[in-house]
Amino acid sequence: MDHNQMLEIVKERLPENRYNHVLGVMETATELAKKFRISEANAKTAAILHDIAKFSDRDWMKSIIESEKLDPLLLEYHSELWHAPVGAYVAKTEFGVEDEDVLNAIRFHTTGRDGMSSLEKVVYIADLVEPHRKFSGVEELRQLKDQGLDVMMEAAVKHSIEFLKSKNQPVFPDSLKCYEGFVQQKG
Ligand code: DGI
Ligand code: FE
Ligand code: FE
Ligand code: FE
């Protein structure tokens, strides 16, 4: 399936503002992929499909997590986290995406994880800083692109963790391990 066919289906399945967010992620992910010299086509595919399960039925997502033996810890955390791994499942089964890196970029776009690939980082960051995002500090995150992908990713996951902590929300262990991975690297 080509990118335009994917976009048509995504447009039918998501409300307008969420579809516009997807277009923003696609634009930002493509720019970052170009800057950091990774596949722009893969960045575009992952961006288009990253939120494909955002409005899927909660019970259906739960059944997929169980039947596909996805990380069972997900079920102990907020169901907001489920659309990412279930989205990877939908990308594979419904859209025929086979590239494991693209699937991982969708799978880990919400939590991040330790040892992310460049594509995974690009999609995580693009999701956070695409043009429609307005939170305070977003412009500072965007500016970090000139300091490299890892500087951006570390700041992005740190921002997300601090945001969750400020709302007294439990942080999924993958996010904490993702952040600690960057801190450890610097030793
Ligand atoms: O789907 P998006 O809105 O574009 O963004 P997202 O997939 O990055 O995040 C979706 C939501 O998930 C967001 O409102 C924050 C929440 N979230 C992300 N990481 C965690 C989390 N919620 C909890 N409780 N724990 C997390 O680790
Ligand atoms: Fe998402
Ligand atoms: Fe995100
Ligand atoms: Fe998103």
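These numbers come from a predicted model, not from an experiment.

Caption draft 1: Main features of the overall build of the chain. In terms of regular secondary structure, the chain is built from ten helices and zero strands. In sequence order, the secondary structure elements of the chain are arranged as α-α-α-α-α-α-α-α-α-α. Taking 16 Å as the expected radius of gyration for a compact globule of 187 residues, we find that the chain reaches 16 Å, a close match to that expectation. Along the three orthogonal principal directions, the C-alpha set of the chain runs to about 40 × 35 × 30 Å. Looking at the chain residue by residue over its 187 residues, the buried ones come to 37%. Sequence separation of at least 24 residues holds for 60% of the intrachain contacts in the chain that already meet a minimum separation of 6.

Caption draft 2: Representation of the site of ligand 1. Every one of the 19 residues lining ligand 1 counts as a neighbour, but H78, E80, T110, Q169 and F172 are closest to it. When its residues are assigned to classes, the shell around ligand 1 shows seven nonpolar, eight polar and four charged.

Caption draft 3: The packing of helix α5 (residues 83–93) against helix α6 (residues 100–107), seen in detail. Put simply, α5 and α6 touch, their axes get as near as 7 Å, and they point 145° apart. Contacts from A84, P85, G87, A88, A91 and K92 in α5 reach L103, I106 and R107 in α6. Here the residues of the contact of α5 with α6 sort into six nonpolar, one polar and two charged.

Caption draft 4: Representation of helix α9 (residues 149–166) in the model. The terminal C-alpha atoms of α9 lie 26 Å apart, and with 18 residues this matches the ideal 26 Å at 1.5 Å per residue to within 8%. All buried positions along α9 are accounted for by M152, M153, E154, A156, V157 and S160. The inward-facing, buried residues of α9 abut α7 (118–129), α8 (138–143) and α10 (173–186). Remark: N168 follows α9 within two positions and exhibits a positive phi of approximately 55°.

Caption draft 5: Fine view of the UniProt feature "domain: HD" (unreviewed entry) in the chain. The feature "domain: HD" (unreviewed entry), as annotated in UniProt, sits at residues 18–132 in this numbering. Between the C-alpha atoms that bound residues 18–132 the distance is 10 Å, and the span itself is 60% helix and 0% strand.

Caption draft 6: Geometry of α7. Taking 1.5 Å of rise per residue, twelve residues should cover 16 Å, and α7 covers 16 Å from first to last C-alpha, within 8% of that figure. With twelve of twelve residues buried, α7 lies mostly within the body of the structure.

Caption draft 7: Spatial organisation of the nonpolar core. A29, A47, V123 and I125 are the most contacted members of the largest nonpolar core, which totals 44 residues. Listed by contribution, the elements that provide at least two residues to this core are α2 (16–35), α3 (40–49), α4 (58–67), α5, α6, α7, α9 and α10. The element that contributes the greatest number of residues to this core is α7, accounting for eight residues. When residues no more than four places from it in sequence are discounted, the contact partners of I125 are L32, M152, M153 and A156.

Caption draft 8: Seen up close, unusual backbone geometry. The residue K69 is not glycine, and still its phi comes out positive at about 55°. With respect to the helices and strands, K69 occurs in the loop between α4 and α5. For K69, a count of 7 C-beta atoms within 10 Å corresponds to the exposed category. The phi dihedral of N168 falls on the positive side, at around 55°, and the residue is not glycine.

Thresholds, definitions, all that
Residues numbered from 1 in each chain as written. Chains lettered and ligands numbered in written order. Predicted model: local features only at pLDDT ≥ 70, side-chain atom pairs only at ≥ 80, totals over all residues. Helix = DSSP H or I, 4+ residues; strand = E, 2+ residues; numbered from the N terminus. Rg over C-alpha atoms; globule rule 2.2 N^0.38 Å. Buried ≥ 20, exposed ≤ 12 C-beta atoms within 10 Å, placed from the backbone. Contact = placed C-beta atoms within 7 Å. Near = placed C-beta within 6 Å. Nonpolar A, V, L, I, M, F, W, Y, C, P; charged D, E, K, R; others polar. Axes fitted to C-alpha atoms, helices over the stretch in contact; angles between N-to-C directions. Expected span 1.5 Å × (residues − 1). UniProt positions renumbered as here; feature names shortened; annotations may be inferred. Core = buried A, V, L, I, M, F, W, Y, C linked by C-beta atoms within 7 Å.

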